[in-house]
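Commentary on secondary and tertiary structure
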Amino acid sequence: MRHVFDVHRLVFRIGELASMTQVSARQLRYWEKKQLIKSREREGEQARVYTFGTFVQVSMIKYYLDNGYTLTAAAAKAQERDSRAKLLRRFIFKGLRGFAEMDGQVAINMGAFDDQQTLMALVPEEGTVTYRLVPNAEARRLTQDLPD
DNA sequence: GTTCTGACA
DNA sequence: TGTCAGGA
């Protein structure tokens, strides 16, 4: 059933994307010419192919457009939001992968604090979460990656 | 049937 | 941005 959740398999043609997002095919082509979005060409085809990521991007631009932003501003807003989402995703991903045990408690490796130290979050079964800075080498030693 | 580029009564 | 032409 994993294949059902593989977003890489979710690709669309311009007509599909247009009806999904309420953005006209004319607009999609125009936005692409203005470098606001991208489409990848299908081998041997001349028809555009859009990824799921582009669907999300177009949806965000459409949203800001409907809320009064100009096309350029809407695209900038969407890009900004996408950047923050990627940061958050990276943070969560690293957090989920970096479990460790410290003082008998579960700790989450929250990534490098600076050049030498790593921020660890100690999460007790109950009560307040506390934080501790440990040398990078120790953090690496304590942290065990979870299987994919 | 769908998509593509270019053009504008 | 819509829409139509003329091809693919």
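Residues numbered from 1 in each chain as written. Chains lettered and ligands numbered in written order. Predicted model: local features only at pLDDT ≥ 70, side-chain atom pairs only at ≥ 80, totals over all residues. Heavy atoms only, no water.

The name given to chain A in an unreviewed UniProt entry is MerR family transcriptional regulator, with Levilactobacillus suantsaii as the source organism.

A separate point is helix α3 (residues 52–66). Taking 1.5 Å of rise per residue, 15 residues should cover 21 Å, and α3 covers 21 Å from first to last C-alpha, within 8% of that figure. Within the sequence span of α3, burial applies to T54, F55, V58, M60, I61 and Y64. Downstream of α3 by a residue or two, G68 has a phi angle that is positive, lying close to 95 degrees. (Helix = DSSP H or I, 4+ residues; strand = E, 2+ residues; numbered from the N terminus. Expected span 1.5 Å × (residues − 1). Buried < 20%, exposed > 50% of the residue type's maximum accessible area, 1.4 Å probe, protein only.)

Turning our attention to the protein's contact with DNA strand C. In the vicinity of DNA strand C, the contacting residues are S24, R26, Q27 and W31. Those atoms of DNA strand C that come within 4 Å of the protein belong to sugar or phosphate at a rate of 38%. Taken together, the residues of the surface near DNA strand C break down into 1 nonpolar, 2 polar and 1 charged. (Near = heavy atom within 4 Å. Nonpolar A, V, L, I, M, F, W, Y, C, P; charged D, E, K, R; others polar.)

This part takes up the sheet that holds strand β4 (residues 105–112). Pairing in this open sheet of 4 strands is antiparallel, and the strands run β3-β4-β5-β6 from one edge to the other. Two strands close off the open sheet at either side, each with one partner strand: β3 (99–102) and β6 (130–135). The sheet shows a mean angle of 40 degrees between the axes of neighbouring strands, taken without regard to direction. Looking at chain direction, β4 and strand β5 (residues 117–123) are connected through 5 bridges and run antiparallel. (Pairing = 2+ DSSP bridges. Axes fitted to C-alpha atoms, helices over the stretch in contact; angles between N-to-C directions.)

Between helix α1 (residues 14–21) and helix α2 (residues 25–33), the shortest axis-to-axis distance is 9 Å and the interhelical angle comes to 105 degrees. Between α1 and α2, the interaxial angle falls into the category roughly perpendicular. Within the contact between the two elements, α1 uses I14, L17 and A18 and α2 uses A25, L28 and R29. Its residues placed into classes, the contact of α1 with α2 shows 5 nonpolar, no polar and 1 charged. (Parallel < 35°, antiparallel > 145°, perpendicular 65-115°, else oblique. Contact = heavy atoms within 4.5 Å.)

What surrounds DNA strand B is the set R13, I14, G15, R26, R29, Q46, A47 and R48. Sugar and phosphate atoms represent 91% of those atoms of DNA strand B found within 4 Å of the protein. One of the side-chain N or O atoms of R29 is found 2.9 Å from a phosphate oxygen in DNA strand B. Elements with a contribution of two residues or more to the surface near DNA strand B: α1 and α2. (Polar contact = N/O pair within 3.5 Å; in protein donor to acceptor, adjacent residues only side chain to side chain.)

A few words on the nonpolar core. Formed by 18 residues in total, the largest nonpolar core has its most connected members in L17, L28, W31, I37, Y50, V58 and I61. Tallying contributions element by element places α3 first for this core, with 5 residues. Apart from residues no more than four positions distant in its own chain, I37 is found in contact with L28, W31, E32, Y50, T54, Q57, V58 and I61. Of all hydrophobic cores here, the second largest spans 7 residues; its members include A100, M120, L122 and A139. (Core = buried A, V, L, I, M, F, W, Y, C linked by side-chain atoms within 4.5 Å.)

Side chains A100 and M102 of β3 all project onto a buried face; the interleaved residues F99 and E101 project onto a face where none is buried. Strand direction decides the pairing type here: β3 and β4, joined by 4 bridges, are antiparallel. Across the sheet, the residue bridging to E101 is V106, located in β4. In textbook terms, the turn of a hairpin is the stretch between consecutive antiparallel strands, and for β3 and β4 this stretch comprises 2 residues, one of which, D103, has a positive phi near 55 degrees.

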